[in-house]
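# Chains, contacts and geometry: an overview
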Amino acid sequence: MDVTISPSILNCDIANLASEIEKVRNADYAHVDVMDNHFVPNLSWGLPVVEAVIRQDILPVDAHLMIEDADSWAPAYAEAGCASVTFHAEAAVAPIRLAREIRRQGAKVGMALRPATDITPYIDLLPEIDMLLVMTVEPGFGGQSFLKSMMPKIRRTRDAISTANLQVAVQVDGGINRETICLAAEAGANVFVAGSAVYKAEDAYSEVEALRQLAKTHC
Ligand code: DX5
Ligand code: ZN
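Residues numbered from 1 in each chain as written. Chains lettered and ligands numbered in written order. Predicted model: local features only at pLDDT ≥ 70, side-chain atom pairs only at ≥ 80, totals over all residues. Heavy atoms only, no water.

## Regarding the overall build of the protein
Looking only at helices and strands, one finds eight helices and eight strands in the protein. Against the globule reference of 17 Å for 219 residues, the protein gives a C-alpha radius of gyration of 16 Å, in line with a compact fold. Expressed along its principal axes, the backbone C-alpha trace of the protein runs to roughly 45 × 40 × 30 Å. Counted over contacts in the protein with a minimum sequence separation of 6, partners at least 24 positions apart contribute 62%. Carbon and sulfur atoms form 49% of the exposed surface of the protein, whose accessible area is close to 9,700 Å². (Helix = DSSP H or I, 4+ residues; strand = E, 2+ residues; numbered from the N terminus. Rg over C-alpha atoms; globule rule 2.2 N^0.38 Å. Contact = heavy atoms within 4.5 Å. Areas by Shrake-Rupley, 256 points an atom, 1.4 Å probe, with all protein chains shown as cover.)

Below you can see the structure in the form of structure tokens.
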């Protein structure tokens, strides 16, 4: 399975976004966390900052929308040129309609599940999306500890995708580092978001490469 590394810029030096993204130019995407202080108890940035990152044209943007009323807000991120737009299942009223709209605007579609949200009610939606994000921390902040208890959910998701013969990626986000990436890869994840592990490392570029190698070999 292809391994994708998507560093989260949430806790990088945001006054120097372009050079911070430049540091991880060997990654597949820049993971950009949008928070509205309603869906999660934190506020980051919105569309203008995401558009600025897209304009820098260093890496394709993987937008993770931790916002209420995804149905209204998410399509604009696709229209702006994000390569991938992930909305939370808990924040979407009509997820199929929304997924189709994001696709129509030319982006890949991701759907995220908070730790307490089960995959079972969403299995029939898998053909509508390109990526299912299993949160491995409670969304809202970087630097939290990886929830090992999410491994069965990753397995169930990967099994459902294989059973349906689909090509849906499984992303994990939260607490991913050199140890936890192995557990997540072994459980069936293939897209890895890492914030602090990459930006707190001495050399972010080498950390991306190290994480990629570990995920490929399942450690
Ligand atoms: C958390 C965000 C993450 C966060 C990950 O809600 O979705 O993308 O930045 O940060 P780490 O890797 O530090 O857990
Ligand atoms: Zn995220």
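Additional details are given in the paragraphs that follow.
## Some details on the coordination of the zinc ion (ligand 2)
By definition of the ideal shapes, four donors in a tetrahedron about a metal sit 109.5 degrees apart, and six donors in an octahedron sit 90 or 180 degrees apart. Looking at the metal site, the zinc ion (ligand 2) is ligated by His31 (NE2), Asp33 (OD), His64 (ND1) and Asp173 (OD), spaced 2.1 to 2.3 Å from it. Metal-centred angles of 72 to 172 degrees between the six donor atoms at the zinc ion (ligand 2) mark the site as octahedral. Each donor residue of the zinc ion (ligand 2) belongs to the same chain, and together they define the spacing H-x1-D-x30-H-x108-D. Taken together, the positions of Asp33 in strand β2 (residues 30-35) and His64 in strand β3 (residues 61-66) put the pair 31 residues apart, joining distant regions of the chain. Taking the relative accessible area as the measure of exposure, His64 reaches 0% and is therefore buried. (Donors = N, O, S within 2.8 Å, 3.2 Å for Na, K, Ca; no water. Tetrahedral: all angles 85-135°; square planar, octahedral: opposite > 155°, others 65-115°. Buried < 20%, exposed > 50% of the residue type's maximum accessible area, 1.4 Å probe, protein only.)

## Structural notes on the site of ligand 1
By nearness alone, 19 residues border ligand 1, and Ser8, Gly140, Asp173, Gly195 and Ser196 come closest of all. In this structure, Gly175 approaches ligand 1 through a main-chain N or O atom, which is 2.8 Å from an oxygen atom. One of the side-chain nitrogen or oxygen atoms of Ser196 is found 2.2 Å away from an oxygen atom of ligand 1. Within the complex, the protein chains bury 99% of what would otherwise be the 380 Å² of accessible surface of ligand 1. Put simply, the parts of the chain that give the shell around ligand 1 at least two residues each are β2, β3 and β8 (191-194). (Near = heavy atom within 4 Å. Polar contact = N/O pair within 3.5 Å; in protein donor to acceptor, adjacent residues only side chain to side chain.)

## Some thoughts on the sheet that holds strand β7 (residues 169-173)
Pairing in this open sheet of eight strands is parallel, and the strands run β1-β8-β7-β6-β5-β4-β3-β2 from one edge to the other. Each end of this open sheet is capped by a strand with a single partner; those strands are β1 (4-7) and β2. Taking each pair of neighbouring strands and ignoring which way they run, the sheet shows an average axis angle of 20 degrees. Across three bridges, β7 lies against β8 in parallel orientation. The partner of Gln171 across the bridge, within β8, is Val191. Helix α8 (residues 204-217) rests against β1 and β8 of the sheet, and its axis sits at about 145 degrees to β1. (Pairing = 2+ DSSP bridges. Axes fitted to C-alpha atoms, helices over the stretch in contact; angles between N-to-C directions.)

## Quick look at α8
Its 14 residues give α8 an end-to-end C-alpha distance of 20 Å, which sits within 8% of 20 Å, the value for a rise of 1.5 Å per residue. Among the residues making up α8, those that are buried are Ala204, Glu207, Val208, Ala210, Leu211, Arg212 and Ala215. On the buried face of α8, the contacting elements are β1, α6 (180-187), β8 and α7 (196-199). Positive backbone phi, approximately 55 degrees, marks His218, located one or two places after α8. (Expected span 1.5 Å × (residues − 1).)

## Examining the pairing of β7
Burial analysis of β7 places five of its five residues in the buried class, which makes it a mostly covered element. Across five bridges, the pairing between strand β6 (residues 131-135) and β7 is parallel. Bridging from a neighbouring strand, Leu132 pairs with Val170 of β7. For the handedness criterion, the β-α-β arrangement of β6, helix α5 (residues 151-163) and β7 is classed as right-handed. (Right-handed = clockwise from strand over helix to strand, strands pointing away.)

Treat this as a map of the structure, not an account of what it does.
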